[in-house]
Amino acid sequence: MSKNRYDLDPERLATTDEHGNRVYLHPEDVKGRWKDRRKVVYWGLILLYLVLPWFYINGKPALLIDLVRREFTVLGFTLHGMEPILFFLMLASGLFFIAFVTSLFGRVWCGWGCPQTVFIQAIFLQVERLIEGKARQREQLEASPWSIEKISKRSLKWAVYLLISLHIAHTFIGYFVGPRELFLITLGSPGLHPTMFAATMVATLIILLDFGWFREQFCLIACPYGRIQSVMMDENSLVVAYDAKRGEPRRGITERAAEGDCVNCYNCVKVCPTGIDIRRGTQLECIACTQCIDACDDIMTKLKKPTGLIRYSSETELSGGIRRLLTPRSVVYFVASLVFVSSFVLFFRNSTHLDIVLLRGQGSPFQVSSDSLVTNHFVVRLKHQGGREFAIELQSQDPDIRVTQPISPWKVQKSEVKNIVFFRFEAKHLMNGSRVIRINLFDHLSQSVVATKEVHLVGPVE
Ligand code: SF4
Ligand code: SF4
């Protein structure tokens with residue numbers, strides 16, 4: 001019996017040939033209930049991604065990661081200059097939550113929510129199908145020598161890919177600079193914003209090459225989540241699986257009378273975006289996209305057999321047991337996530353961290369008054385994100401320098417407070433016209449120093 005080309009070599013990846021070179025996959029299209037559901041989810045996520053930065057809540061973008069000002073805005077609430085401990089707690093709670101979801105539902109993120117899957121399946125593959133045809137036609141085009149037809153189809157495809165990538169990259173940058181700024185930057189010349197222009201072009205290039213060409217290779221060799229997800233799963237985790245008990249022995253390897261339900265049509269392999277044969281068991285390359293479920297259900301329906309030969313299941317269920325929704329592993333992940341979230345809220349509410357920025361006042365950097373005192377004038381910006389209140393007075397650690405703040409003490413709550421402060425001193429306390437001093441932020445409510453800050457003072461050179 002001649003070997004079917006979809007009968008994969010177990011010794012190597014489906015995406016490499018016997019010499020280790022990449023085999024470019026052309027997964028066949030599939031129709032079915034899972035495809036319909038995924039379409040709804042994919043387009044919902046794409047729309048959310050595209051419109052989210054344009055929505056304003058409380059006068060702020062719905063999501064903004066301002067790296068320059070170290071501010072993170074989500075749904076109208078802004079976190080200012082996050083303390084390392086808060087950042088760690090947020091990261092840890094997120095990681096344990098992902099581990100918890102993975103332990104229950106396997107790679108549901110990969111198949112349903114990952115931008116890699118969403119954009120490739122919903123947009124890039126559809127563009128490819130529209131321009132180059134179905135899987136078989138795409139394969140033939142790839143194998144054919146360069147011709148006018150091939151050049152025009154490939155050029156058109158990559159031109160459309162480029163336009164889409166530009167749009168995705170601009171939206172991505174919008175999450176960091178805000179939509180209004182993005183709009184103005186986009187209208188202006190690249191020379192006015194060279195860094196932003198370079199960042200957008202690099203993002204466009206990465207998206208173009210990844211979604212247009214690299215595709216499943218990212219999931220197979222580069223994605224860190226794909227590498228570690230097997231550690232988070234156990235025999236009760238939900239996976240896309242082939243029911244070998246029902247399917248085997250598959251058609252063609254035994255007497256017809258003793259055959260299982262699998263007719264060995266390879267449709268599950270033909271539609272797989274990572275090129276694997278799910279009948280060989282759960283594999284690291286499976287991104288749980290459900291394409292093979294639809295492909296097999298279609299065959300079973302035509303054969304008037306029950307669907308679900310490939311389905312969402314677990315190892316326990318497939319071996320005849322009852323799947324436990326919660327296992328010790330998932331409970332540990334959930335509790336750990338809960339502990340970190342609670343710690344985050346606790347630290348956040350009781351945080352004493354004050355973010356202080358001193359900006360030199362406009363005009364001359366110093367003034368000399370009639371009593372020969374030198375004055376430096378600053379605008380002070382104080383920010384606090386926790387639940388505490390402060391009544392702040394600035395105090396110099398240096399007895400030679402007097403600090404005057406017109407409003408004293410300053411009441412600081414969650415939001416930002418801006419005020420003016422004056423430093424007065426005799427010119428003889430400067431060295432070569434400057435001096436660096438430290439100031440204390442004294443809180444009258446807790447009667448303690450809650451922060452210190454360095455200030456660079458200037459004056460006449462004597
Ligand atoms: S085996 Fe099935 S679920 Fe897994 S990646 Fe392939 S088609 Fe998707
Ligand atoms: S699609 Fe179903 S019947 Fe066809 S080879 Fe795969 S498991 Fe067997």
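Note that this is a predicted model, so its numbers are computed, not measured.

Criteria and thresholds
Residues numbered from 1 in each chain as written. Chains lettered and ligands numbered in written order. Predicted model: local features only at pLDDT ≥ 70, side-chain atom pairs only at ≥ 80, totals over all residues. Helix = DSSP H or I, 4+ residues; strand = E, 2+ residues; numbered from the N terminus. Rg over C-alpha atoms; globule rule 2.2 N^0.38 Å. Buried ≥ 20, exposed ≤ 12 C-beta atoms within 10 Å, placed from the backbone. Core = buried A, V, L, I, M, F, W, Y, C linked by C-beta atoms within 7 Å. Contact = placed C-beta atoms within 7 Å. Pairing = 2+ DSSP bridges. Axes fitted to C-alpha atoms, helices over the stretch in contact; angles between N-to-C directions. Near = placed C-beta within 6 Å. Nonpolar A, V, L, I, M, F, W, Y, C, P; charged D, E, K, R; others polar. Parallel < 35°, antiparallel > 145°, perpendicular 65-115°, else oblique. Left-handed = near helix turned anticlockwise from the far one by under 90°. Domains from an automatic or database assignment.

**Student:** What am I meant to see in the overall build of the chain here?
**Tutor:** A tally of regular secondary structure across the chain gives 15 helices and 16 strands. Against the globule reference of 23 Å for 462 residues, the chain gives a C-alpha radius of gyration of 31 Å, more extended than a compact globule. Each of the three principal axes of the chain carries a C-alpha extent, and together these read 110 × 60 × 40 Å. Evaluated residue by residue, the chain yields a buried proportion of 26% over its 462 residues.

**Student:** Even after reading the chapter, I still don't get the nonpolar core, so can you show me in this structure?
**Tutor:** Proteins that are soluble and globular tend to have nonpolar side chains buried together. Membership of the largest hydrophobic core comes to 52 residues, with the highest contact counts inside it found for Val240, Cys268, Ile278, Ala288, Cys292, Cys296 and Ile310. Leaving out residues up to four positions away in the same chain, alanine 288 has contacts with Gly106, Arg107, Val108, Cys110, Gly111, Val239 and Val240. Within the second largest apolar cluster, 20 residues are counted, among which are Leu382, Phe390, Leu394 and Ile401.

**Student:** How should the sheet that holds strand S16 (residues 448-458) be read in this particular structure?
**Tutor:** Adjacent strands of a sheet pair through backbone hydrogen bonds, lying either parallel or antiparallel. In spatial order, the strands read S13-S11-S15-S16; together these four strands make up an open sheet with antiparallel pairing. Two strands lie at the open edges of the sheet, namely strand S13 (410-412) and S16, each paired on one side alone. The sheet shows a mean angle of 35° between the axes of neighbouring strands, direction not considered. Pairing of strand S15 (residues 434-443) with S16 involves 10 bridges; the strand directions are antiparallel.

**Student:** Quick question: what am I supposed to make of the site of ligand 1 here?
**Tutor:** Neighbouring ligand 1 are 14 residues; Cys272, Ile278, Cys286, Cys289 and Cys292 lie closest to it. The residue makeup of the shell around ligand 1, split by class, is 11 nonpolar, three polar and no charged.

**Student:** Help me out: how do you make sense of the packing of helix H6 (residues 148-177) against helix H7 (residues 179-187) in this one?
**Tutor:** The relative placement of two packed helices is expressed as an angle between their axes plus a distance between the axes. Packing of H6 against H7 brings their axes to within 7 Å, and their N-to-C directions diverge by 125°. Between H6 and H7, the crossing angle belongs to the class labelled oblique. The interaxial crossing formed by H6 with H7 has right-handed handedness. Contact residues: His170, Ile173, Gly174 and Val177 in H6; Pro179, Glu181, Leu182, Ile185 and Thr186 in H7.

**Student:** Looking at this model, I keep getting lost on the pairing of strand S3 (residues 63-66). Mind explaining?
**Tutor:** Relative to strand S4 (residues 71-74), S3 is paired through four bridges, and the arrangement is antiparallel. Along S4, the bridge assignment pairs isoleucine 65 with phenylalanine 72. Here S3 folds back onto S4 in antiparallel fashion, the turn holding four residues, of which arginine 70 has a positive phi close to 55°.

**Student:** I tried to follow the site of ligand 2 on my own but got confused; where do I start?
**Tutor:** Contacts to ligand 2 come from 15 residues, most closely from Cys262, Cys265, Asn267, Cys268 and Cys296. In terms of residue count, helix H13 (residues 291-302) provides more of the shell around ligand 2 than any other element does, three residues in total. Here the shell around ligand 2 is composed, by residue class, of 11 nonpolar, three polar and one charged.

**Student:** How do you make sense of the domain arrangement of the chain when you look at a structure like this?
**Tutor:** Size of an interface: often given as the accessible area lost when the parts come together. In terms of domain boundaries, the chain breaks down into domain 1 (33-81 + 107-231) and domain 2 (355-458). Its C-alpha centre places domain 1 at a distance of 46 Å from the equivalent point of domain 2.

**Student:** Hey, could you run me through the environment of arginine 22 in this one?
**Tutor:** Turning to its location among the elements, arginine 22 is positioned in the segment before helix H1 (33-51). Among the residues examined, arginine 22 registers 12 C-beta atoms within 10 Å and is labelled exposed. Separated by 362 residues in sequence, arginine 22 and histidine 384 have C-alpha atoms that sit 53 Å apart. With residues up to four places along the chain from it excluded, the contact list for arginine 22 reads Thr15 and Thr16.

**Student:** Quick question: what am I supposed to make of unusual backbone geometry here?
**Tutor:** Keep in mind that most residues, glycine aside, have a negative phi and that most peptide bonds are trans. Cis peptide bonds are those with omega within 30 degrees of zero, and the linkage from glutamate 248 to proline 249 qualifies with -10°. The residue proline 249 is located in the loop between helix H11 (244-247) and helix H12 (267-270) in this model. The omega torsion of the bond from serine 408 to proline 409 falls at -5°, within 30 degrees of zero and hence cis. With respect to the helices, strands and loops of the structure, proline 409 is situated in the loop between strand S12 (402-404) and S13. Located in the positive-phi region is serine 372, a residue other than glycine, with phi close to 65°. Within the element layout of this structure, serine 372 appears in the loop between strand S9 (367-368) and strand S10 (373-383). Judged by the 9 C-beta atoms lying within 10 Å of it, serine 372 falls in the exposed class.

**Student:** How should the packing of H1 against helix H4 (residues 115-132) be read in this particular structure?
**Tutor:** Relative orientation of the contacting elements H1 and H4 amounts to 105°, with a least axis distance of 10 Å. In terms of axis orientation, H1 runs roughly perpendicular to H4. The segment H1 lies against H4, with Tyr42, Trp43, Leu45 and Ile46 engaging Val118, Gln121 and Ala122. The residue makeup of the contact of H1 with H4, split by class, is six nonpolar, one polar and no charged.

**Student:** How should I be thinking about the environment of serine 337 in this particular structure?
**Tutor:** Topologically, serine 337 is positioned in helix H15 (residues 328-350). Overall, the presence of 20 C-beta atoms within 10 Å leaves serine 337 in the buried class. With 65 residues separating them in the primary sequence, serine 337 and cysteine 272 have C-alpha atoms 34 Å apart. Not counting the four nearest positions on each side in its chain, serine 337 is found in contact with Ser93, Phe96, Phe97 and Phe100.

**Student:** What exactly am I supposed to notice about the environment of glutamate 139 here?
**Tutor:** In this fold, glutamate 139 is placed in helix H5 (residues 135-143). In this structure, the C-alpha to C-alpha distance between glutamate 139 and histidine 26, residues 113 residues apart in sequence, is 6.7 Å.

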